Amino acid sequence: MEYNIQETEIHWQREWAKSKVFEAKLDSKKPKFYCLEMFPYPSGNMHMGHVRNYSIGDSMARFQRLMGKNVLYPMGYDSFGMPAENAAKKEQGHPHNVTHRNIASIRADQERMGYSYDWNRSLTTSDVEYYRWNQEIFLMLNEKGLVERRFAPVNWCNDCDTVLANEQVKNNRCWRCGLEVIQKDMAQWFLRMTDYSDQLLDELDNIVFPENVKSMQRNWIGRSKGVNIDFSIVGSNSIIEVFTTRPDTIFGSTFVTLSPEHPLCEELCKNTDWHEGWEKLRDECSKMSEFERINMLKDKKGVFLGRYAINPLSKEKVPIYAGNFVVASYGTGAVMAVPGHDQRDFDFAKKYNLPIKNVLFDEHAKNPDTNLDSAFEGYGPMINSSIKKFNGLKGEDAKSAIISELEKINSGKGTFQYRLKDWLLSRQRFWGTPIPMIHCELCGVVPVANSDLPIELPLDVIFNESQSGNPLDNHHDFINVKCPSCGKMAKRETDTMDTFYDSSWYFMRYCDANNTELPFRKETVDYWMKDGIDLYIGGIEHAVMHLLYARFFTKITRDLDMISIDEPFGRLVCQGMLNSPTPYCSECNVDYHVDFFDQKCPSCDILLTRRSAKMSKSLGNTVSPGEMVNIYGADTVRLFILFGANPEAGMDWSDSVLEANHRQIKSIMEAINTSLSMKVSANKMDSWIIAKLSKNRENWQNVMSNVSIREGVMISHFTMLSDWNWYRRRGGNNYQTALQFLEGWLPMLAPITPHLAEEFWHRMGHKELLAEFQLPENKIQINKDMVLEYENYLHKVIDSSRNVKGLAKRHTDSKITTMVIQTAPKWMYDLAREAIVLQSKYFDFKSKGIDHLKSLPIFKNEQIRGEIFKIWTNLTVGSKKKRGKIFTWSEDDKKLILNMFDESEFLLSNNSFIANELGLNLVRVYSVGEGLDVAGKAKVAFPLEPAIAFT
RNA sequence: GCUGGGAUACCCGAGCGGUCAAAGGGGCCGGACUUAAGCUCCGGUGGCAAGGCCUUCGUGGGUUCAAAUCCCACUCCCAGCACCA
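First things first, this report covers the structure right here in the doc. Source: prediction; values computed, not measured. (Residues numbered from 1 in each chain as written. Chains lettered and ligands numbered in written order. Predicted model: local features only at pLDDT ≥ 70, side-chain atom pairs only at ≥ 80, totals over all residues. Heavy atoms only, no water.)

Some words on empty space enclosed by the protein
Going through the model one piece at a time under the given rule, you end up with three cavities of 30 Å³ or more. There is about 200 Å³ of room inside the largest cavity. Every residue lining the largest cavity is counted, 18 residues in all, and those nearest its centre are Met82, Arg176, Arg427, Asp498 and Thr499. Among the elements of the structure, α3 (82-91), β4 (162-164), β21 (496-497) and α14 (499-502) are those that each provide at least two residues to the lining of the largest cavity. When grouped by side-chain class, the residues that make up the lining of the largest cavity number seven nonpolar, six polar and five charged. In this structure, the second largest cavity occupies an estimated 80 Å³ of space. Lining the second largest cavity, in full, are Trp16, Phe22, Arg62, Arg65, Leu66, Ala750, Pro754, Glu758, Leu770 and Ala771. Within the residue set of the lining of the second largest cavity, elements represented by two or more residues are α2 (48-66) and α24 (754-763). Here the element with the most residues in the lining of the second largest cavity is α2; it accounts for three residues. (1 Å grid on protein atoms, 1.4 Å probe; cavity = no way out; pocket = protein on both sides within 12 Å on 5 of 7 lines; lining within 4 Å. Points joined across faces, edges and corners; volume = space filled by probe spheres on them. Helix = DSSP H or I, 4+ residues; strand = E, 2+ residues; numbered from the N terminus. Nonpolar A, V, L, I, M, F, W, Y, C, P; charged D, E, K, R; others polar.)

Printed below as a string of structure tokens:
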């Protein structure tokens, strides 16, 4: 029967849309499943990475619908941000138009793939219907004291003309454009994320994230336990507060180092000869970019500030230095230097000839007495303490003893330090949510009144290439506004919000997307997000950006009593890279653009080989989803993507595999087609294929529930087909059975290849859509008549026959036409049953096996006593290399033996099939001793392993 | 340097104490079909005169009657962080 891929796929996509089957409705009686993909930035067409992301999500959404879950599966667009502004400049238009054009095109691509989104809930973050809630929530956060405006050094990107949050700076470069960032002092808006550091860190232990994501977030939050210690200054009332995680080394501190930017520096050396040196160091450090500074820091540098501090425990007087390696923004910006046990301090001490004291004993040192050539940074018992009672303490004990001593004398306090900083929220860009604040000369910074929301972005702005900065700054209607507090003319804030703010709560908005009164109803979000989003799929690149912000946002909205959820994401899956062949020079270790295939390396002139590299525009090794869908259809592309690798693994694009998958789809359709034109003729294989169906389905449900999609596909699209083919080969030809089989198989095909499944579901005569079908409980009873075990056995016999046939061929010149199968004699089955029964009672064969054998009646048969011994040993204890058969037989094998399975009878009834499979004229079967012992093979016969000979 | 994840046959990939020479797919080889190629179907794909034996799951040790699987050390790959005290 005809199957026009393009027409059929589009037809069912329309039917699904018409019937609104994917529109989710809150139903507290039904278990929910919230399936979500990280929403895209609409930059034009959908690329293969998107296809992978969404195909994973769609297969799970469709699977869970089949399982009877109330599935929420929405899609929307993260559409604020720089690229739209840049595009607007190029075409002298407005980002709003660029954005909506791009959304239309990516959405069309998504629809063509047949993804089962609830389009009714679609949202666009750059539309005022969405970003108005950003502003409303912002005011609530402000009310709560979580918003702060601070003058602080911030990361600035010259290309993007804006500040960046810490999380958006990678290797000192802008995450978007890659330009090196510089430091600027500016007044900026922050969200107090550090208030939540502990929660964000501790709850990582309880959520199902991939380990690498957890580890990255832990790293990023960077909590370290330590102590702030006060060093008083000789001849001054000021105090230097240092932070250390190693209080156990306090008696080894021989100097104190401040960061050059530390405010105490100037105070300490003012009007002294030391002032000039410090100033020089400070200027040198501040002038350099962070990148240069890090490089320079390999060479430690410092200046004496002319003053001394007092170690609060040892009371020793130690010099105070400013050092370029001390980071101003971490801890207190000051450290107690312990050159004996910190490599950085060690290097510094060597350079400036400062004393090095050994106060921890290195228990593993080879020569503890020799002079140190590096610091010992491990843990060891304290020695040489000026307060003797501490000597001998080690590790955590030592640390807490020192901390409590410091706390007792009021010179220190145990504390935690974090690497995490507050979230720098403001951006000097146009295309983002306006921050609802007003600057009044009289009243200062005043929040916009709730009733004046939303503050809309003006649409009457024309962008062009010559512009720089934020067009809002010059938009009179936008900036000039009355102060809500005093009524005088004031200026509106022109900074907009980081776009990560938009994506920090969009998943809550989806739950109640069309609410015009509220961002969302609490009860609605609580229903859909109970235990978090059930499956969240996206790229690893957001491990510490989006995923951390969204967790933070969930906690603050919870504390605003807007929801009752603690963590947004129940299970997170980060899909792997999509790679594709690329020209590669092994000599230079460089990938080249696909134009260079089979050419010579431009730099070293050797012939380029090829390897897999991440699909990227710059290498030109991308594959267009649209093109592939036009050739093969969406189902084939989906099958390829989902079968190519498990969601989290990287995968390689391969045209030949894609084609092979397309053939697989055609075979499936062919199989279904022929099955629909079968006759009603019963066959012993009918119960076999139905039993197989039941078993496969059980496995399939298990693996799919666990998002092991690749394994699932293997069952639904490969095993099921080969089982069906075996059924046909074994003479199955029953229309009734075929219908029953398809009734189970088509739903299994649907999550991965929904169009093909829907089409044949329809052709089977179903009136309702497969898309809204719920798979009934699996009620098929198997194993009553052991069909599976029989077929398994037959498979094995045919396999080993093929092997032996190969052997026989080599030993004979004449053509092989006949096979003789001799099954094991009855007494062997008796022994096997005896052994199996004993084994189930945990019988000790090693010590009691032989005695037991001797007590059996069969043992009286002296003629075969030797053979009985041998078989019993094979069955029970085995040999050095092989365990006894009763331990290697599967449960199915044992079941056959216990149920008096008659091998001869079974093989005989299938002899023509066996003959056919092996290309023989005749297959003779009998039990050992009941016929001629051809080729002397009788001796190898064993239960379930008949002797096989060819003539 | 620290943290996390890896290394399985020609390639991709499953397995994570015994039923493992190791699922499945790709590729390759052979057979059937066909006038032929393609498609499709069937079979093979570590070595060896082969129902057996030998060698193999990054390298080297160890535990065990038994190791791809558990333990220890090392090497290499990938990712994140990094003079963060």
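After that view of the structure, there is still more to cover.
Observations regarding the pattern of salt bridges
Overall, the coordinates contain 44 salt bridges when judged by the stated rule. As a salt-bridge pair, Asp531 and Lys530 come within 3.4 Å of each other at their nearest N and O atoms. Neither Asp531 nor Lys530 differs from the other in exposure class; each is exposed. When the shortest N-O distance is used, the salt bridge between Glu917 and Arg729 registers 2.3 Å. Of this pair, Glu917 sits in helix α32 (residues 911-918) while Arg729 sits in helix α22 (residues 709-729), and the two are 188 residues apart along the sequence. Looking at Glu917, the relative accessible area reads 18%, which means it is buried. For Arg729, a relative accessible area of 46% puts it in the partly exposed group. (Salt bridge = Lys/Arg side-chain N within 4 Å of Asp/Glu carboxyl O. Buried < 20%, exposed > 50% of the residue type's maximum accessible area, 1.4 Å probe, protein only.)

Notes on the packing of helix α1 (residues 5-19) against α24
At their nearest, the axes of α1 and α24 sit 9 Å apart, and the two run at 80° to each other. Taken as axis vectors, α1 and α24 run roughly perpendicular relative to one another. Contacts between α1 and α24 involve Thr8, Glu9, Trp12, Gln13 and Trp16 from the first element and Pro754, His755, Glu758, Glu759 and His762 from the second. Tallied by class, residues from the contact of α1 with α24 come to three nonpolar, four polar and three charged. (Axes fitted to C-alpha atoms, helices over the stretch in contact; angles between N-to-C directions. Parallel < 35°, antiparallel > 145°, perpendicular 65-115°, else oblique. Contact = heavy atoms within 4.5 Å.)

Structural notes on unusual backbone geometry
Cis geometry is found at the peptide bond from Leu453 to Pro454, where omega equals -5°. Position of Pro454 among the secondary structure elements: in the loop between β18 (444-447) and α13 (476-479). Positive phi, close to 60°, is recorded for Asn353, a residue that is not glycine. Here Asn353 shows up in the loop between α11 (343-352) and α12 (395-408). On the basis of relative accessibility, which here comes to 72%, the residue Asn353 falls in the exposed class. Positive phi outside glycine occurs at Val707, with the angle close to 55°. With respect to the element layout, Val707 can be found in the loop between α21 (685-705) and α22.

Some thoughts on the sheet that holds strand β23 (residues 572-574)
Reading across the sheet, the four strands line up as β2-β1-β22-β23 and stay open at both edges, with parallel pairing between neighbours. A single partner strand is all that each edge strand has here, and the edge strands are β2 (70-72) and β23. Averaged over all pairs of adjacent strands, the angle between strand axes in this sheet comes to 15°, irrespective of strand direction. Here strand β1 (residues 32-37) runs beside β2; their pairing, made up of three bridges, is parallel. Within β2, the residue paired with Phe33 across the bridge is Val71. (Pairing = 2+ DSSP bridges.)

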